[in-house]
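Listed below are the residues making up each chain.
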Amino acid sequence: MSMFEDRRYQWRETYFVFFDPDRRPKLEALRSKLEASQGTHFTIANAATDSQGRIESITILAPDDFAAMDISFLAGSEVRDEARELVEELSSFACQPDERKKLERLKRCQGRFDVLHFEQSNDADDEEEGLFDPSGLLIVLDALVELTDGIAVDPQSGAIL
């Protein structure tokens, strides 16, 4: 079940993590990484893996952040083509040397995690507004980048994270 089907959550933004598909992590590696950094902060649901236990899709709930993330894996020439287009777009901006290196690596990526970030809707009084916290998203992105040796991108702003 996607978080789009849960009326308690609203989609906020999408991030990408590009990487070599041979480095796609196993579900247990991600679970261990998140538990080591945040204990019980996250709940994993709707996990689908391939026969080797590598992540196909997963939902990560961060109840304390009033947030959730749907993550899905894509691979192939279409991802590589999209990465190259993204490199062309991002190359026009003034980049730091480390960003230029990431852009060169990005051209060769053929795997990608799409990380859809959702905010839990709040039907309570206005005093409870503002409880949404994006820190869980950053923790998950960092874990995915580390496990895949990948590159996180915010396509809306064109930022390399």
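Position labels on residues start from 1 in each chain and follow its written sequence. Local features in a predicted model are, by the rule used here, given only for residues with pLDDT of at least 70; side-chain atom pairs are given and counted only at 80 or more, and totals for whole chains, interfaces and linings are based on all residues. Only heavy atoms go into the side-chain values, all of them from the structure, while hydrogens and water stay out.

J.: I'd like a rundown of the overall build of the protein chain, residues and numbers included.
T.: The way it works is that DSSP assigns letters per residue, a run of H or I at least four long becomes a helix, a run of E at least two long becomes a strand, and they are numbered from the N terminus. Scanning the protein chain for helices and strands turns up four helices and seven strands. Secondary structure elements of the protein chain occur, N-terminal to C-terminal, as β-α-β-β-β-α-α-β-α-β-β. Values of the radius of gyration come from C-alpha atoms, whereas the globule rule sets the reference at 2.2 Å times the count of residues to the power 0.38. For the protein chain, the C-alpha radius of gyration of 16 Å lies close to 15 Å, the compact-globule estimate for 161 residues. Judged by the C-alpha coordinates and their principal axes, the protein chain covers about 45 × 40 × 30 Å. Sorting the 161 residues of the protein chain into buried and exposed places 37% on the buried side. Accessible surface area values rest on a Shrake-Rupley calculation with a 1.4 Å probe, where residue burial reflects the displayed protein chains alone. With an accessible surface of roughly 8,900 Å², the protein chain has 45% of that area assigned to carbon and sulfur atoms. Once the 18 positive and 34 negative side-chain charges of the protein chain are each reduced to a mean point, those two points are 10 Å apart. Summary of the burial criterion: residues with accessible area below 20% of their type's maximum are buried, those above 50% are exposed, and those between are partly exposed, where the area comes from a 1.4 Å probe applied to protein chains only. In this count, Lys and Arg are taken as positive residues and Asp and Glu as negative ones, while His and the chain termini are left out. Each charge is placed at NZ for Lys, CZ for Arg, CG for Asp and CD for Glu.

J.: I'd like to hear about the pattern of salt bridges, residue by residue, with values.
T.: A pairing counts as a salt bridge when a side-chain nitrogen of Lys or Arg comes within 4 Å of a carboxyl oxygen of Asp or Glu. A full pass over the atoms with the stated rule returns 11 salt bridges. With a closest N to O distance of 3.1 Å, Lys-107 and Glu-104 form a salt bridge. Judged by relative accessible area, Glu-104 falls into the partly exposed class, the value being 42%. The closest approach of N and O atoms between Arg-112 and Asp-114, which form a salt bridge, is 2.5 Å. Here the two residues Arg-112 and Asp-114 agree in accessibility, since each one is buried.

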